[in-house]
Amino acid sequence: MVILLKKATIVDPLSKYHGKRQDILIEKGIITKIASSISSKKAKTVDAKNLHVSPGWVDIGVHTGEPGLEHRDILATTLDAASAGGFTRISIFSNDAHPIDQSSTISFIKDRSSNSPVYCHAIGALSQNLEGEEITELIDMHHSGAIAFSDGLHSIQKAGLLERALHYVKAVDSIVIHRPNDKTLSLHSQMHEGEVSTTLGVPGMPDIAESIMIDRDIEILKYTDSKMLVHLVSSQKGIQHLKKEKKTLENQLFASVSYHNLIETDEALSDFDVNRKLSPPLRTSSDKSALIKAVQSDLIDIICSNHVPIEIEGKEKEFIYAEKGALGLQTCGVSLLEILDPEVFVTKLAINPRKIFNLPQATIEKGAKAELTLWATKTEFQFTRADNKSLSRNSPFFDKTFSNKVLGIVSQDKLVLA
């Protein structure tokens, strides 16, 4: 396939063309020419106003329903949502019905995603059945293609289990992804513990449930001399605890944040919106500001969509009974374009995830493999239910108008327009 991108502003800090407006010619999946003006009669041309291009975005920790919870989503529709949202790679967390705890499940994911232009990676379960009791066959799953190990949004309460897992992944130069949450402090919580939860009369999750476990995890990380991603930090207190050790544990300690926590606060829950009931929860405006600063200062390495499809029956309940989670793949990128400099979010969405998880680096240079995300600035886009690719409908952003638009991706010798 021949693809020509016209007058595209290149956003790639690793490229000599960063910040330049160029034409880009792609032939058989390879960038063959970058110049101020290129013509090609046989090319599929993308010539959009305010066109921007970056290395393809990567999402760490996506939830889908397949296998086991296909009524929530299947891999095919999850991958469709990813491409529509600008992601060329996603990594899949286990679901509660069928954890990724053996090599056969990793092979299943590879087979089911093989025809998609979006690369799909598996994150192996850290504990058997996600129960936090017994460790899985980490080494075997690593050799089968697992890029990391995690129980997803389930926090490991037993320090000894986490310690053993960190020892195992060190042996194969892999990494543990862990969501910090002390369940003895957050049991029955429905949202952030603060003024809003008190006003609503809803049990809240205190920020110390996160920060205390961050301290524990860092101590275990130092003891094992391994690698860990502290996943979905959501509080100012959590950031403060990370900051104490981040520089001294360079190339060992990493952190991610959900885009939801960068764009909204717990005040959005004042009308009991079940689609904004999340894990981790939306917190205060001071937490939000601290997280944005942490992203800009490189204290936080990665931004995630925290994509969690939930069927209608799981959400259309009284607030305290509704399940936690929201769709995110199709609204993550356009939301970040509203609040962050493009170079910052491209670093967090495209460059750092590849570096941390040993994925093939994508860059915009002649001779490089074309794995690209396309978007247009100053182009209004309204996300509607008709645009939604997921089988579930639990997005808080239906009918929201964004000031920028994801146009699509170039990946695996395919052009997929959103």
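See above for the structure.
Now for a look at the structure at hand. (Residues numbered from 1 in each chain as written. Predicted model: local features only at pLDDT ≥ 70, side-chain atom pairs only at ≥ 80, totals over all residues. Heavy atoms only, no water.)

## A word on the nonpolar core
For clarity, the cut-off: To qualify as a nonpolar core, a set must consist of buried Ala, Val, Leu, Ile, Met, Phe, Trp, Tyr and Cys residues joined through side-chain atoms within 4.5 Å. Burial here depends on accessible area, computed with a 1.4 Å probe over protein chains only, as a share of the maximum for the residue type. Under 20% is buried, over 50% is exposed, and the range in between is partly exposed. We count a stretch as a helix when DSSP gives it H or I for four or more residues in a row; a strand needs E for two or more, and each element gets its number in order from the N terminus. Residue contacts follow a heavy-atom distance rule, with two residues in contact if any of their heavy atoms lie within 4.5 Å.
The biggest cluster of nonpolar side chains holds 69 residues, and the ones touching the most others in it are Trp-57, Ile-90, Ile-303, Leu-336 and Phe-345. Counting residues per element, this core draws most heavily on helix 4 (residues 159-171), at five residues. With residues up to four places along the chain from it excluded, the contact list for Leu-336 reads Tyr-259, Leu-262, Ile-303, Phe-345 and Leu-349.

## Quick word on the environment of Ser-174
Looking at the secondary structure, you find Ser-174 in the loop between helix 4 and strand 10 (176-178). When the C-alpha atoms of Ser-174 and Asp-151 are compared, they prove to be 15 Å apart, with 23 residues separating the residues in sequence.

## Digging into helix 7 (residues 208-224)
Applicable threshold: A helix's residues, less one, multiplied by 1.5 Å, set its expected span.
Taking 1.5 Å per residue, 17 residues should reach 24 Å; helix 7 reaches 24 Å between its end C-alpha atoms and fits that length. By the burial criterion, the buried members of helix 7 are Ala-209, Glu-210, Ser-211, Met-213, Ile-214, Arg-216, Asp-217, Ile-218, Ile-220, Leu-221 and Thr-224. Positive phi appears at Asp-225, one or two residues downstream of helix 7, with a value of about 55 degrees.

## Quick look at unusual backbone geometry
Omega for the peptide link from Glu-66 to Pro-67 comes to 0 degrees, which places this bond in the cis form. With respect to the helices and strands, the residue Pro-67 is situated in the loop between strand 6 (57-62) and helix 1 (75-85). The peptide bond linking Ser-279 to Pro-280 adopts the cis configuration, its omega dihedral lying at 0 degrees. Relative to the elements of secondary structure, Pro-280 occurs in the loop between helix 9 (260-263) and helix 10 (285-296). With phi around 70 degrees, His-188 is a residue other than glycine that occupies positive phi space. With respect to the helices, strands and loops of the structure, His-188 is situated in the loop between helix 5 (183-186) and strand 11 (191-192). One non-glycine residue, Asn-251, adopts positive backbone phi at about 70 degrees.

## Let's talk about the side chain of Ser-15
The line we're drawing: Pairs of N or O atoms within 3.5 Å make up the polar contacts considered here, provided that, within protein, one atom can donate a hydrogen while the other can accept it, and that residues adjacent in sequence are counted only when both atoms are side-chain atoms.
With respect to the helices and strands, the residue Ser-15 is situated in the loop between strand 1 (2-10) and strand 2 (21-27). The buried category is assigned to Ser-15, whose relative accessible area is 7%. A distance of 3.0 Å separates a polar atom in the side chain of Ser-15 from the backbone nitrogen of Tyr-17. Ignoring sequence-local partners within four residues, the contact set of Ser-15 consists of Thr-363, Ile-364 and Glu-365.

## Points about the pairing of strand 6
Cut-off, in case you're wondering: Any two strands are treated as partners once DSSP identifies two or more bridges connecting them.
Where burial is concerned, most of strand 6 is hidden: six out of the six residues are buried. Bridge count between strand 6 and strand 7 (residues 87-92): five bridges; the pairing is parallel. When the bridges of strand 7 are listed, Trp-57 appears paired with Phe-87.

## Some thoughts on a positive patch on the surface
Filter applied, for reference: Residues qualify for a patch when their relative accessible area is over 30% and they have no salt bridge, like charges being joined within 9 Å and the nonpolar side chains of Val, Leu, Ile, Met, Phe, Trp and Tyr within 5 Å. Throughout, the Shrake-Rupley method with a 1.4 Å probe supplies accessible areas, and for residues the shown protein chains are the sole cover considered. One side-chain nitrogen of Lys or Arg within 4 Å of one carboxyl oxygen of Asp or Glu is enough to make a salt bridge. In this tally, Lys and Arg are treated as positive and Asp and Glu as negative; His is ignored, and so are the chain termini. In plain terms, the charge of a residue is placed at NZ if it is Lys, CZ if Arg, CG if Asp and CD if Glu.
A grouping of Lys-16, Lys-20, Lys-33 and Lys-366 is seen on the molecular surface, where their side chains present a positively charged patch. Among the secondary structure elements, Lys-20 is positioned in the loop between strand 1 and strand 2.

## A closer look at helix 4
Spelled out, the test is: Think of it as the arc spanned by the lines of direction from the helix axis to the C-beta atoms.
If you check helix 4, its first and last C-alpha atoms are 19 Å apart, about what 13 residues at 1.5 Å a residue would give, namely 18 Å. Every buried residue of helix 4 is listed here: Leu-161, Leu-162, Ala-165, Leu-166 and Val-169. Looking down the long axis of helix 4, one finds its buried residues gathered within 135 degrees of arc, a one-sided arrangement. Against helix 3 (138-144), strand 9 (148-149), strand 10, helix 7 and strand 13 (228-230) lie the buried residues of helix 4. Asp-173, located one to two residues past helix 4, shows a positive phi value of around 55 degrees.

## Description of the pattern of salt bridges
Counted under the stated rule, the structure contains 17 salt bridges. Note that Asp-173 and Lys-227 form a salt bridge whose closest N and O atoms lie 3.0 Å from each other. Separated by 54 residues along the polypeptide, Asp-173 in the loop between helix 4 and strand 10 and Lys-227 in the loop between helix 7 and strand 13 bring together distant segments of the chain. Asp-173 sits in the partly exposed class, given a relative accessible area of 44%. Residue Glu-371 is joined to Arg-354 by a salt bridge in which the shortest nitrogen-to-oxygen separation is 2.6 Å. Placement of Glu-371 in the loop between helix 13 (342-356) and strand 16 (372-376) and of Arg-354 in helix 13 is noted, with a sequence separation of 17 residues between them.

## A short note on the packing of aromatic side chains
As a reminder of what qualifies: What counts as a ring pair is set by centres within 6.5 Å for rings of Phe, Tyr and Trp (its six-membered ring), and what kind of pair is set by the plane angle: stacked under 30 degrees, edge-to-face over 60, tilted for all other angles. Both a distance and an angle decide whether a charge sits over a ring: NZ of Lys or CZ of Arg must be within 6 Å of the ring centre and within 35 degrees of the ring normal.
Taken as a whole and assessed by the stated rule, the structure comprises nine aromatic pairs. Considering the side-chain rings of Trp-57 and Phe-87, the 6.0 Å spacing of their centres and the 75 degrees angle between planes classify their relative orientation as edge-to-face. Here Phe-87 lies in strand 7 and Trp-57 lies in strand 6, a separation of 30 residues in the sequence. Trp-57 sits in the buried class, given a relative accessible area of 0%. By relative accessible area, Phe-87 is classed as buried at 0%. Through successive ring pairs, a cluster of aromatic residues spans Trp-57, Phe-87, Phe-345 and Trp-375. Sitting above the plane of the Tyr-119 ring, Arg-89 keeps its charged end 3.9 Å from the centroid. The ring of Phe-402 has Lys-400 sitting right over it, with the charged end atom 5.3 Å from the ring centre.

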